[in-house]
Amino acid sequence: MPTARRIYRVTLLLLHAALGIALTLLLTRPRQAAPGPVFDAIACWWRARIARILRLDLRVRGRPVDGPALLVANHVSWMDIPVLGWIPTISFLSKAEVRRWPVIGWLAARGGTLFIRRGERGGADTAAEQITWHLIRGRKVLLFPEGTTTDGGLVRAFHPRLFAAALLANVAVQPIALRYTRPQGQPHGTPHPSAPFIGDDTFPSHLWRVLGERRIVVELEFLAPINTQGRERKALAQAAQQQIAQVVGGVPGENREGNVS
C-alpha cells in the first residue's frame, strides 16, 4: 500500500507541477516584481492543492490579519510553504539557493518569492528593503526567523534584523505557530517523525518518506498580532518567538538544526 500510495501521489504532483508551469508562463513575466491579482489567487490555490496531494490535514485556529503584515512562523519543513500558501496576497522569503533548484526555483521566482543571500555582506539589508517594498504595496510577507528548520519540538531564537521591515512599513507582526503532529493514537501534540526536514535529509528522500504517510496532521495557529509602534526589532523578534514557543509546547533552546531556511 505505501508504494502504491507513493506512485499515485507522485503522478498527481507531476501533473500539478506541469499545470503550474503552464499557468506561470501564461500569467507572469520575467523579472516581474510582484504577481498580479489573478495569478496571486491562482498561486494560492496551486500551493494549497500541493498540501492536499500530500494529505496534509490542516487544523487552523485564528486567521491572518487584514491588510499588509509581516508574518513570522517557526520552521519545520519545506512543507511549511504549501501549508501556509493559501494565505491571500502573500510573498515568501527564502534562501537564495532555492532560486537555483530545478523547476521549483523558477516557479518561486516568477511567483514573487523574495530571496536572501545568507552570510553575504549586506544580504539581510537588501532582503529587508525588498520586504519593506512589498509591505508598503499592501502585501503580506512571511519569513522564518529561526533561519533553519528544526524537529518541531522547540523554537530557536529569532534573528531580529529582518523585523526592521515591519518598523519601516509601519505594519503589524503576526506570529504563526506550526505543529506537525503524530497519527491518531499517538500522544497528542508530539512532533510527527516524518515531517521535519533536518540534518542530512535530501529533498527527494524526504518527499518519498512523506508520500508514504497515510496522513499528517498540521496544527496551524494564527496568534495575536504585535503592534510595532515604539518598539525595536529585537523586542519584536523576542515577543513573536515567545508567543510561538508557548503554543508549540517548548521553550527557546537547543534542538536539532535543519538544512533549509
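As a reminder, the structure under discussion sits directly above these lines.
What you are looking at is a predicted structure, and each value in this text was computed from that prediction instead of being measured.

Each value, and the rule that gives it
Residues numbered from 1 in each chain as written. Predicted model: local features only at pLDDT ≥ 70, side-chain atom pairs only at ≥ 80, totals over all residues. Heavy atoms only, no water. Axes fitted to C-alpha atoms, helices over the stretch in contact; angles between N-to-C directions. Helix = DSSP H or I, 4+ residues; strand = E, 2+ residues; numbered from the N terminus. Parallel < 35°, antiparallel > 145°, perpendicular 65-115°, else oblique. Contact = heavy atoms within 4.5 Å. Nonpolar A, V, L, I, M, F, W, Y, C, P; charged D, E, K, R; others polar. Left-handed = near helix turned anticlockwise from the far one by under 90°. Salt bridge = Lys/Arg side-chain N within 4 Å of Asp/Glu carboxyl O. Buried < 20%, exposed > 50% of the residue type's maximum accessible area, 1.4 Å probe, protein only. Pairing = 2+ DSSP bridges.

1. Side note on the packing of helix α1 (residues 2-27) against helix α2 (residues 37-53)
Reasoning step 1: Packing of α1 against α2 brings their axes to within 11 Å, and their N-to-C directions diverge by 170 degrees. In terms of orientation, α1 lies roughly antiparallel with respect to α2. Two secondary-structure elements touch here, α1 through R9, L12, L13, H16, A17, L19, G20, L23, T24 and L27 and α2 through F39, I42, W45, W46, R49, I50 and I53.
Reasoning step 2: The residue inventory of the contact of α1 with α2, partitioned by class, reads 12 nonpolar, three polar and two charged.

2. Considering the packing of α1 against helix α7 (residues 203-211)
Reasoning step 1: One can describe the packing of α1 onto α7 by two numbers: an axis separation of 9 Å at closest approach and a directional angle of 115 degrees. Where α1 crosses over α7, the two elements pack in a sense that is right-handed. Residue-level contacts link R5, R6, R9, V10 and L13 of α1 to L207, W208, R209, V210 and L211 of α7.
Reasoning step 2: For the contact of α1 with α7, the class distribution of residues is six nonpolar, no polar and four charged.

3. Concerning the pattern of salt bridges
Reasoning step 1: All told, the structure shown has seven salt bridges when counted by the stated rule.
Reasoning step 2: Residue D57 pairs with R59 through a salt bridge whose shortest N-O separation is 2.9 Å.
Reasoning step 3: D57 sits in the partly exposed class, given a relative accessible area of 24%.
Reasoning step 4: Using a relative accessible area of 42% as the deciding quantity, one classes R59 as partly exposed.
Reasoning step 5: D201 is the partner of R209 in a salt bridge, and the nearest nitrogen-oxygen pair spans 2.8 Å.
Reasoning step 6: Through salt bridges with shared partners, one network takes in D57, R59 and R215.

4. Quick notes on the sheet that holds strand β6 (residues 173-181)
Reasoning step 1: Read across the sheet, seven strands follow the order β1-β7-β6-β2-β5-β3-β4 without closing on themselves; strand pairing throughout is mixed. At either end of the open sheet lies a strand with only one pairing partner, and these are β1 (56-61) and β4 (114-116). Pairwise comparison of adjacent strand axes, ignoring direction, gives a mean angle of 25 degrees for this sheet.
Reasoning step 2: Strands β2 (69-73), β3 (90-95), β4 and β5 (140-143) of the sheet are contacted by helix α5 (residues 123-136), whose axis makes an angle of about 165 degrees with β4.
Reasoning step 3: Here helix α8 (residues 233-248) sits on the sheet and contacts β2, β6 and β7 (216-222); the angle it forms with β6, its principal contact strand, is near 30 degrees.

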